[in-house]
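Commentary on secondary and tertiary structure
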Amino acid sequence: MINMTQYHLCALILMGVVLAGSHVPAAQAQSAQLAATPPMGWNSWNHFAGKVTDSDVRSAADAMVASGMRDAGYVYVNVDDTWEGERDAQGNIQSNSRFPNMKALADYVHSKGLKFGIYSSPGPKTCAGYEGSYGHEEQDAKTYAGWGVDFLKYDLCGLRPIIRLYDPQQDPKKSSAMMREAYAKMRDALIKTGRPIVYSICQYGVDSVWEWGEEVGGNLWRTTDDISDSYRSMALIGFSQAGLERYAKPGHWNDPDMLEVGNGGMSADQYRTQMSLWAILAAPLLAGNDLSKMDETTKSILMNREVIAVDQDKLGIQGFRLSPPQIWVRPLADGAKAVALFNFVTDDVPQPITLRFKDLGFSGPVHARDLWAHKDLGILHDSYTVIPPMGGVVMLRLWK
Ligand code: GLA
């Protein structure tokens, strides 16, 4: 028998459990809203890596506005690894000497009508060996929220030694459970702050993260290892995304890593391939170049609004490979289809590619527009044959 005081206590605990339980899905629904379309912005890593400074980030924010990128949809200004300093006596994370005042930096970014992102790891150290969030998850989330952070990239690296420590047999099930728990822990910590923060999971696609990324709160999850500024790396990553389309939806996106457009290791045609493929894949568009030094070609690629519109299409359906290897299709909200036809650099001579409209589910003639030539192609019948440049792409929008 329980007495009334015990009864009330039980009822209160139960209520608490129910309330906490209902709070999490509500917060998750709110967080999904934050990334209703794939996040767009800039990240410091691909160009600045471990040398990034406060003033580089301010310049990126300035350039994002001055170049027109903000108005084209790029909003996040994300500082990647190497901003972290020591913890203070109370365990609060501080930035290092290259970032004198994170709150002031966030305020600066916000004053430009942009959003501010940051980076950490579930391990004690980050990939670059700086301070991670292990054992300080709630404290760090609170600090980030206090600074005005809007986006967190949470990168596995540093947790791996801990997983090995607790799971010396390397049982895949146990390791996977620990990894998921670590990501869920930061999800809960972010929710607890009450500040909407986009949650970007970075663990390189291990253990098929696309199957559980949403469950641990991910708005986006990296599907592969790091990209580098070469056609080979970009194409390997981009074209290997076939099959992942069923895991993406508004609020939750596959992330084949950041853009390399403008970094100098690829030709303009090859960068157009990255931009087109990423748009077909409904991938986050996080520029990774030095925005303060962009030539006109780079700007025209990053700010091709017709291609961006494909990436940001409200329906939120990730595109798929129609026929291996070159033709990719993405259904759009207004019934149109975006189609990208690619030639590989490995083709000695660029090959003609024929797109048959009935393969897209269209019967009869279709309207067509070339999204890189910015040109209406008029009404087309049955099929369209083009020769995309080597390593390049022809991207079309087709509708009835
Ligand atoms: C990992 C990530 C990269 C970058 C670096 C920083 O390699 O995948 O995107 O964040 O860490 O150390």
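Residues numbered from 1 in each chain as written. Predicted model: local features only at pLDDT ≥ 70, side-chain atom pairs only at ≥ 80, totals over all residues. Heavy atoms only, no water.

The next point concerns the site of the ligand. In the vicinity of the ligand, the contacting residues are Trp45, Asp80, Asp81, Tyr119, Cys127, Ala128, Lys153, Asp155, Cys202, Tyr204, Arg222 and Asp226. Note that an oxygen atom of the ligand is positioned 2.6 Å from one of the side-chain N or O atoms of Asp80. Contact with the protein chains removes 93% of the 310 Å² of surface that the ligand exposes when unbound. In terms of residue class, the shell around the ligand is made up of six nonpolar, no polar and six charged. (Near = heavy atom within 4 Å. Polar contact = N/O pair within 3.5 Å; in protein donor to acceptor, adjacent residues only side chain to side chain. Areas by Shrake-Rupley, 256 points an atom, 1.4 Å probe, with all protein chains shown as cover. Nonpolar A, V, L, I, M, F, W, Y, C, P; charged D, E, K, R; others polar.)

Attention now moves to the sheet that holds strand S6 (residues 151-155). Taken together, the eight strands give an open sheet; going across it, the order is S9-S8-S7-S6-S5-S2-S1-S10, and neighbouring strands pair in parallel fashion. The sheet terminates laterally at strand S9 (253-255) and strand S10 (285-287), the two strands that pair on one side only. Ignoring strand direction, the axes of neighbouring strands in this sheet form an average angle of 25°. The sheet contact formed by strand S1 (residues 40-43) and strand S2 (residues 76-78) spans three bridges and is parallel. (Pairing = 2+ DSSP bridges. Helix = DSSP H or I, 4+ residues; strand = E, 2+ residues; numbered from the N terminus. Axes fitted to C-alpha atoms, helices over the stretch in contact; angles between N-to-C directions.)

Residues spaced three or four apart along an α-helix face the same direction, because each turn holds 3.6 residues. Between its first and last C-alpha, helix H8 (residues 172-193) extends 32 Å over 22 residues, near the 32 Å set by a 1.5 Å rise per residue. Among the residues of H8, Ser175, Ser176, Met179, Ala182, Tyr183, Ala184, Met186, Arg187, Ala189, Leu190 and Ile191 are the ones counted as buried. Capping the start of H8 is the job of one residue whose side-chain oxygen sits 3.0 Å from the backbone nitrogen of Lys173: Asp171. Gly194 sits one or two positions beyond H8 and adopts a positive phi of about 80°. (Expected span 1.5 Å × (residues − 1). Buried < 20%, exposed > 50% of the residue type's maximum accessible area, 1.4 Å probe, protein only.)

A separate point is the sheet that holds strand S16 (residues 375-380). An order of S11-S12-S13-S18-S15-S16 is seen for the six strands of this open sheet, with the pairing classed as antiparallel. Looking along the sheet, the strands with just one partner apiece sit at the ends: strand S11 (320-323) and S16. Averaged over neighbouring strand pairs, the angle between their axes works out to 30° when direction is ignored. Pairing geometry for S11 and strand S12 (residues 327-331), over three bridges, is antiparallel. Across the sheet, residue Arg321 finds its bridge partner in S12, namely Trp328.

Looking at the protein chain, the domain boundaries give domain 1 (4-318) and domain 2 (322-399). Using C-alpha coordinates to define each centre, domain 1 is positioned 32 Å away from domain 2. Counting residues at the interface gives 28 residues for domain 1, matched by 23 residues for domain 2. Buried area between domain 1 and domain 2, both sides added, is near 2200 Å², and the carbon and sulfur share of it is 68%. When the area that domain 1 buries against domain 2 is broken down by residue, the three leading residues are Phe239, Ile280 and Glu306, summing to 29%. Here domain 1 and domain 2 share one salt bridge between them. We note a salt bridge from Glu306 to Arg369, for which the minimum N-O separation is 2.6 Å. Taken together, the links from domain 1 to domain 2 amount to ten residue pairs in polar contact (both at pLDDT 80 or more). Looking at the side of domain 1 that touches domain 2, the elements with two or more residues in it are helix H9 (231-239), helix H10 (268-280), helix H11 (296-302) and helix H12 (305-311). Among the elements that line the side of domain 1 that touches domain 2, the one with the most residues is H10, at nine residues. (Domains from an automatic or database assignment. Contact = heavy atoms within 4.5 Å. Buried area = accessible area lost by both parts, 1.4 Å probe. Salt bridge = Lys/Arg side-chain N within 4 Å of Asp/Glu carboxyl O.)

To continue, consider the pattern of salt bridges. A side chain with one charge may pair with a side chain of the opposite charge, provided their charged atoms come close. A complete count under the given rule lists 22 salt bridges for this structure. Among the salt bridges present, the one from Asp54 reaches Arg58, with a minimum N-O distance of 2.7 Å. Of this pair, Asp54 and Arg58 both sit in helix H3 (residues 54-66), four residues apart, which is roughly one turn of that helix. Accessibility expressed as a relative area gives 11% for Asp54, which makes it buried. Among the ionic pairs, Glu214 bridges to Lys249, the shortest N-O distance being 3.0 Å. Placement of Glu214 in the loop between strand S7 (198-202) and strand S8 (220-222) and of Lys249 in the loop between H9 and S9 is noted, with a sequence separation of 35 residues between them. Looking at Glu214, the relative accessible area reads 34%, which means it is partly exposed.

With 13 residues, H3 should reach 18 Å at 1.5 Å per residue; the first-to-last C-alpha distance of 18 Å fits that figure. Its buried side turned inward, H3 meets S1, helix H2 (45-48), helix H4 (69-72), S2 and helix H5 (102-111). At the exit of H3 stands Gly68, carrying a positive phi of roughly 95°.

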